[in-house]
Amino acid sequence: MISPLEILKARILIVDDQETNVSLLEDMLSSAGYVSVESTMNPHEVCELHRKNRYSLILLDLQMPGMDGFQVLEGLKAIEAEGYPPVLVQTAQPNHKVRALKAGAKDFISKPFDLVEVLLRVRNMIEVRLLHQDAVIRTEQAEVRSEQSESANLAKSQFLANMSHELRTPLNAIIGFAEFLGDGKPGPLNPKQKEYLGDILNSGKHLLQLINDVLDLSKVEAGKMKLNLESFTLVQAVEEVCAVAKPMAQKKSIRVTVRIPSEINLVTLDQQKFKQILYNLISNGIKFTDDGGEVEISAAPIERDQFKLSVRDTGIGIQQEDIKRLFREFEQLEAGTARRYEGTGLGLALTRKLVELHGGVIGVESEVGKGSTFSVILPFTTGEKTT
Amino acid sequence: MKPVRILVVDDNPTNLKLVSAVLEFDGHNIFQANDAETAQQIIKMNRPDLILMDIALPGMDGLTLTRQLKADAETDSIVIVALTAFAMKGDDQKACDAGCDGYITKPIDTRKLSGLVAEFLEQNLIKKSREDAREKQKEGK
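Overview of the structure. Throughout this description, residue numbers start from 1 for each chain and increase along the sequence as written. Labels are handed out in written order, letters beginning with A for the chains and numbers beginning with 1 for the ligands. At least 70 in pLDDT is required for a residue's local features to be given in this predicted model, at least 80 for side-chain atom pairs to be given and counted, and no such filter applies to totals for whole chains, interfaces and linings, which use all residues. As a rule here, side-chain values come from all non-hydrogen atoms in the structure, and water together with hydrogens is ignored.

### So, the overall build of chain B
Argument step 1. Only DSSP runs of H or I with at least four residues qualify as helices, and only runs of E with at least two residues qualify as strands; both kinds are numbered from the N terminus onward. When helices and strands are tallied, chain B shows five helices and five strands.
Argument step 2. Ordered by position from N to C terminus, the α and β elements of chain B give β-α-β-α-β-α-β-α-β-α.
Argument step 3. A burial count over chain B gives 44% of its 141 residues as buried.
Argument step 4. Surface accessibility of chain B: about 7,500 Å² in total, with carbon and sulfur atoms responsible for 49%. Summary of the burial criterion: residues with accessible area below 20% of their type's maximum are buried, those above 50% are exposed, and those between are partly exposed, where the area comes from a 1.4 Å probe applied to protein chains only. Accessible areas in this description were obtained via Shrake-Rupley with a 1.4 Å probe; residue shielding takes into account the shown protein chains only.

### Remarks on the sheet that holds strand β9 (residues 294-302) of chain A
Residue and element names in this part refer to chain A.
Argument step 1. One open sheet accounts for five strands, arranged β7-β9-β10-β12-β11; its pairing is mixed. Here the strands that pair on one side only, and so sit at the sheet edges, are β7 (255-259) and β11 (361-367). In this sheet, adjacent strand axes meet at a mean angle of 15 degrees when their direction is disregarded.
Argument step 2. Alignment of strand β10 (residues 306-313) against strand β12 (residues 371-379), held across seven bridges, turns out to be antiparallel. When the bridges of β12 are listed, Leu309 appears paired with Val376.
Argument step 3. Strand contacts of helix α9 (residues 271-287): β7, β9, β10, β11 and β12, with the helix running at about 25 degrees to β10, the strand carrying the most contacts.
Argument step 4. Any two residues having at least one pair of non-hydrogen atoms within 4.5 Å are treated as being in contact. Under this scheme, a helix contributes an axis fitted over its contacting stretch, all axes are lines through C-alpha atoms, and angles between N-to-C directions fall in the 0 to 180 degree range. Each of β11 and β12 touches helix α10 (residues 347-357); the most contacted strand, β11, lies at about 135 degrees to it. Strands pair, by our definition, only if DSSP identifies at least two bridges between them.

### Regarding the sheet that holds strand β2 (residues 29-33) of chain B
Within a sheet, adjacent strands bond to each other through the backbone by hydrogen bonds, running parallel or antiparallel.
All names here are of chain B.
Argument step 1. If you walk across this open sheet you meet the five strands as β2-β1-β3-β4-β5, and the pairing is parallel. The sheet is open, and its two edges are formed by β2 and β5 (102-105), each paired on a single side. Looking at each pair of strands side by side, their axes are set apart by 20 degrees on average, direction ignored.
Argument step 2. Here five bridges tie strand β1 (residues 5-9) to β2, and the two strands are oriented parallel to one another. When the bridges of β2 are listed, Leu7 appears paired with Phe31.
Argument step 3. Sheet strands touched by helix α1 (residues 13-25): β1, β2, β3 (50-53) and β4 (79-84). Its angle to β2, the strand with the most contacts, is close to 170 degrees.
Argument step 4. Contacting β3 and β4, helix α3 (residues 62-71) runs over the sheet at an angle of about 160 degrees to β3.

### Examining the pairing of strand β8 (residues 266-270) of chain A
Residue and element names in this part refer to chain A.
Argument step 1. For β8, the buried fraction is high: four of the five residues fall into the buried class.
Argument step 2. Where strand β6 (residues 229-233) lies against β8, five bridges are found, and the strand directions are antiparallel. Residue pairing for β8: Thr233 is matched across the bridge by Leu266.

### As for the packing of aromatic side chains
Argument step 1. A pair of Phe, Tyr and Trp rings is counted when the ring centres sit within 6.5 Å of each other, with Trp represented by its six-membered ring. The angle between the planes then sorts it: under 30 degrees is stacked, over 60 is edge-to-face, the rest tilted. The tally for this structure, following the rule as stated, stands at three aromatic pairs over all chains.
Argument step 2. Measuring from ring centre to ring centre gives 5.9 Å for Phe180 of chain A and Phe25 of chain B, while their planes differ by 90 degrees; the resulting arrangement is edge-to-face. With one member in each of two chains, Phe180 of chain A in helix α6 (residues 115-182) and Phe25 of chain B in helix α1 form a pair that bridges those chains.
Argument step 3. Two conditions define a charge located above a ring, namely a distance within 6 Å from the ring centre to NZ of Lys or CZ of Arg, and an angle within 35 degrees of the ring normal. When the ring centre of Phe70 of chain A is taken as reference, the NZ or CZ atom of Arg99 of chain A above it lies at 3.7 Å.
Argument step 4. Looking at Arg121 of chain A, its charged tip hangs above the ring of Phe108 of chain A, at a distance of 5.0 Å from the centre.

### Considerations on the pattern of salt bridges
Residues and elements named next belong to chain A.
Argument step 1. Criterion for a salt bridge: a side-chain nitrogen of Lys or Arg within 4 Å of a carboxyl oxygen of Asp or Glu. Tallying each qualifying case throughout the model produces 24 salt bridges over all chains.
Argument step 2. One salt bridge in this structure joins Glu195 and Lys192, with 3.4 Å as the shortest N-O distance. Residue Glu195 and its partner Lys192 are located together in helix α7 (residues 191-221), separated by three residues, close to a single helical turn.
Argument step 3. On the basis of relative accessibility, which here comes to 47%, the residue Lys192 falls in the partly exposed class.
Argument step 4. In this structure, Arg352 and Glu356 form a salt bridge, with 3.3 Å as the shortest nitrogen-oxygen distance. Of this pair, Arg352 and Glu356 both sit in helix α10, four residues apart, roughly one helical turn.
Argument step 5. Judged by relative accessible area, which is 27%, Arg352 ranks as partly exposed.

### Details of the side chain of Thr40 of chain A
All names here are of chain A.
Argument step 1. On the secondary structure map, Thr40 appears in strand β2 (residues 37-40).
Argument step 2. Within the local environment of Thr40, its side chain forms a polar contact with the side chain of Glu45, the two groups lying 2.6 Å apart.
Argument step 3. If we ignore the near neighbours within four places in the chain, the residues touching Thr40 are Leu13, Ile14, Val15, Asp16, Glu45, Val46 and Leu49. Between N or O atoms, a polar contact is any pair within 3.5 Å; within protein, one atom must be a potential hydrogen donor and the other a potential acceptor, and residues adjacent in sequence are included only when both atoms are from side chains.

### Considering the nonpolar core
Nonpolar side chains in soluble globular proteins tend to end up buried together.
Residues and elements named next belong to chain A.
Argument step 1. Here, nonpolar core refers to any group of buried Ala, Val, Leu, Ile, Met, Phe, Trp, Tyr and Cys residues whose side-chain atoms link them within 4.5 Å. Leu234, Phe274, Leu278, Ile282, Phe307 and Leu309 are the most contacted members of the largest nonpolar core, which has 45 residues in total.
Argument step 2. Of the residues forming this core, the biggest block, seven residues, is contributed by helix α8 (residues 234-251).
Argument step 3. Once residues lying within four places of it in the same chain are set aside, the contact partners of Leu278 are Val238, Val241, Ile297, Leu309 and Val311.

### Topic: helix α4 (residues 69-79) of chain A
All names here are of chain A.
Argument step 1. Where α4 is concerned, the buried positions are Gly69, Phe70, Val72, Leu73, Leu76 and Ile79. Buried residues of α4, viewed axially, fall in a sector of 165 degrees; they line one side.
Argument step 2. In this structure, the buried side of α4 is in contact with α3 (46-53), β3 (57-61), β4 (87-91) and α5 (94-102).
Argument step 3. A distance of 3.1 Å separates the backbone nitrogen of Phe70 from a side-chain oxygen at the start of α4, and that oxygen is part of Asp68. Directions are taken from the helix axis to each C-beta atom, and the arc is the one they span.

### Remarks on a nonpolar patch on the surface
All names here are of chain A.
Argument step 1. A cluster of nonpolar side chains, namely Leu115, Val116 and Leu120, defines an oily patch on the protein surface of about 260 Å² accessible area.
Argument step 2. Residue position: Val116 is located in helix α6.
Argument step 3. Overall, Val116 belongs to the exposed group, its relative accessible area being 54%. Like charges within 9 Å and nonpolar side chains (Val, Leu, Ile, Met, Phe, Trp, Tyr) within 5 Å are joined into patches, using only residues over 30% in relative accessible area that form no salt bridge.

### Looking at α7 of chain A
Each α-helix winds once per 3.6 residues, and so residues spaced three or four apart point in a common direction.
Residue and element names in this part refer to chain A.
Argument step 1. Take the number of residues in a helix, subtract one, and multiply by 1.5 Å to get its expected span. Helix length check: α7 (31 residues) gives 45 Å between terminal C-alpha atoms against 45 Å at 1.5 Å per residue, within 8%.
Argument step 2. Restricting attention to buried positions, one finds in α7 the residues Leu197, Leu201, Gly204, Leu208, Ile211, Asp213, Leu215, Asp216, Leu217, Ser218 and Val220.
Argument step 3. Measuring from the backbone nitrogen of Lys192 back to the side-chain oxygen at the start of α7 gives 3.1 Å, which picks out Asn190 as the cap.
Argument step 4. Just past α7, the residue Gly223 takes up positive phi, approximately 70 degrees.

Set out below in structure tokens:
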């Protein structure tokens, strides 16, 4: 907002060839409290003065010898090419009012002057001019900020690309040699050696997963994650993901079942990301379910264009107050259990982002000790979209 | 599979050692280079059947070397597989554009590497025999 004091301090230029008019206006303005009023009787110097002083208001007489007000107006418009020429014309001829407004003047005052009208119009115009300047400055600042944030984003993704390379290079050797040695290829191992090499291998793979998740999350956040849409059979994709998760489930004697009705057939989504979503939910279900439990994947259509995919487990369940923290980064629940369950704490945050990228939603229902059901609602056909 | 001559190009000595050890274990003849210039010399003296090419190298990078080899009639039939930690999207396309016949990302799977190498060699054989057949057809006409 513009304060009354700012308005009174605004620079004003009076342009008139009649000395009596100049002093009359000067008196009116100074009586109202304006402190920065200048005047000229030479129309030829108006543009030069404005270029130098950038008045907040120019009170311009239209009829002057040598150069009339309309010519001065053209000159001022050229100076204020993208701005707001703060010109208030003074005229005795009614037909000049519209002509001046059409020529770019912002308002007029009629001669003979009416004190109240003059002061109101002067104040209004200065206010608009100052607000306009304010808006210009704010827009410029916003542009600068958005450029800065764009280049920061670019720097961030470049940094991530480099980081990814730098982190994978040593991991390549750690994982590779651990696997090669653990397979006994360079020579036979005793059981302890084999076990410890297995530990190195698992830790290396865990670290790699963490790097991948961080990269994926940052890509979503930087708006660099794009969807590669394709049509595929839902059941087949689910079965493929289950096959990958099977060894993990077998180790804990967990039964994994799939129930997908035949009415859900083709879907158009990013298949790889859909599988990532599903794998995260299934592997979570297995991870947080004790030996001998059960994980069930089911699907059902909702309305005409959406379906709901649920992953139900008979695991430890989630406290009601913890549910809202669940989908945030690095929030593996139950810090008290000393992280009994290995994980990056990024899986669900990433899963949520991938679901939202498809225009879907994710939610969970849970009862402590009984199990949890994670559900995602996805469109059968996702539109082309990047975030 | 039948042992083949493989040149491994990687500037990281540990990774060079790992890839070589894995392939050597599977019976292949391995040559090593830690930069593109050394690789060029080895290719001249011991023409390999396949090159596992790291992309980020000091001096000339792996894609530039690949383009050179594929532009030269003496070396254009060598199968080149990019082996890289550049796992960002679009990198596979860059390798393909440079003329690589395949693409493997690090970390490598030591249990699958030999199988992948065999696959790339076989694909190349099929491609070549098809091209030969086409050539013959043309000559016949």
